[in-house]
Amino acid sequence: MTENAAPDYAPMFAALCVEVGFCLHPKGEAKVQAALANGLDAAVRAVFDAEGVDFASSTGDLRRAVRDCLKAHLPQG
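Remember, it's a predicted structure, so these values are computed and weren't measured experimentally.

K.L.:
How should the packing of helix α3 (residues 40-51) against helix α4 (residues 60-73) be read in this particular structure?
P.N.:
Each pair of packed helices can be described by the angle between their axes along with the distance between the axes. For the pair α3 and α4, the least separation of the axes is 10 Å and the interaxial angle reads 120°. Note on packing geometry: the crossing formed by α3 with α4 is right-handed. The residues of α4 that touch α3, namely those facing Leu40, Asp41, Ala43, Val44, Val47 and Phe48, are Leu62, Arg63, Val66, Arg67, Leu70 and Lys71. Residues of the contact of α3 with α4, tallied by class, amount to eight nonpolar, no polar and four charged.

Dropping the structure here:
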């Protein structure tokens, strides 16, 4: 019984790298994981921040691609 085990975010970050091209370093991944507590939109902004891409000037398609990827690959918990 490992109900309290930490979720495995590795598949989500791997998908983000392969599908969207945002390959985050461990510090960036930690920021995204922390932002998830504030919701998916906060996590999307954290991805852009960690990658060094300006969220405000990015295209809606790119923002949506990141959000859809995170949502599709969130660990089941």
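That covers the picture; the talk isn't over yet.
K.L.:
For this particular structure, what's the right way to read the side chain of serine 58?
P.N.:
Tracing the chain through its elements places serine 58 in the loop between α3 and α4. Side-chain polar atoms of serine 58 contact the backbone oxygen of phenylalanine 55, separated by 2.7 Å. Not counting chain neighbours up to four residues away, the residues in contact with serine 58 comprise Phe48 and Arg63.

K.L.:
Before we go on, may I ask you to explain the nonpolar core in this structure?
P.N.:
The tendency in soluble globular proteins is for nonpolar side chains to be buried as a group. If you look at the biggest cluster of nonpolar residues, it comprises 22 residues, and the most contacted ones within it are Phe13, Leu16, Leu24, Val32, Val47, Val66 and Leu70. Mapped by element, the contributors of at least two residues to this core are α1 (10-20), α2 (26-36), α3 and α4. In contact with phenylalanine 13, other than residues within four places in its own chain, are Leu24, Glu29, Val32 and Gln33.

K.L.:
Help me out: how do you make sense of the pattern of salt bridges in this one?
P.N.:
Opposite charge on two side chains permits pairing when their charged atoms draw close. The tally for this structure, following the rule as stated, stands at two salt bridges. The closest approach of N and O atoms between aspartate 41 and arginine 67, which form a salt bridge, is 2.9 Å. You can see aspartate 41 sitting in helix α3 and its partner arginine 67 sitting in helix α4, a full 26 residues away along the chain. Residue arginine 67 is classed as partly exposed on the basis of its relative accessible area, which comes to 30%. The partner of arginine 64 in a salt bridge is aspartate 61, and the shortest N-O contact between them spans 2.8 Å. With arginine 64 and aspartate 61 both in helix α4 and three residues apart, this pair spans about one turn of that helix.

Rules and cut-offs
Residues numbered from 1 in each chain as written. Predicted model: local features only at pLDDT ≥ 70, side-chain atom pairs only at ≥ 80, totals over all residues. Heavy atoms only, no water. Axes fitted to C-alpha atoms, helices over the stretch in contact; angles between N-to-C directions. Helix = DSSP H or I, 4+ residues; strand = E, 2+ residues; numbered from the N terminus. Left-handed = near helix turned anticlockwise from the far one by under 90°. Contact = heavy atoms within 4.5 Å. Nonpolar A, V, L, I, M, F, W, Y, C, P; charged D, E, K, R; others polar. Polar contact = N/O pair within 3.5 Å; in protein donor to acceptor, adjacent residues only side chain to side chain. Core = buried A, V, L, I, M, F, W, Y, C linked by side-chain atoms within 4.5 Å. Buried < 20%, exposed > 50% of the residue type's maximum accessible area, 1.4 Å probe, protein only. Salt bridge = Lys/Arg side-chain N within 4 Å of Asp/Glu carboxyl O.

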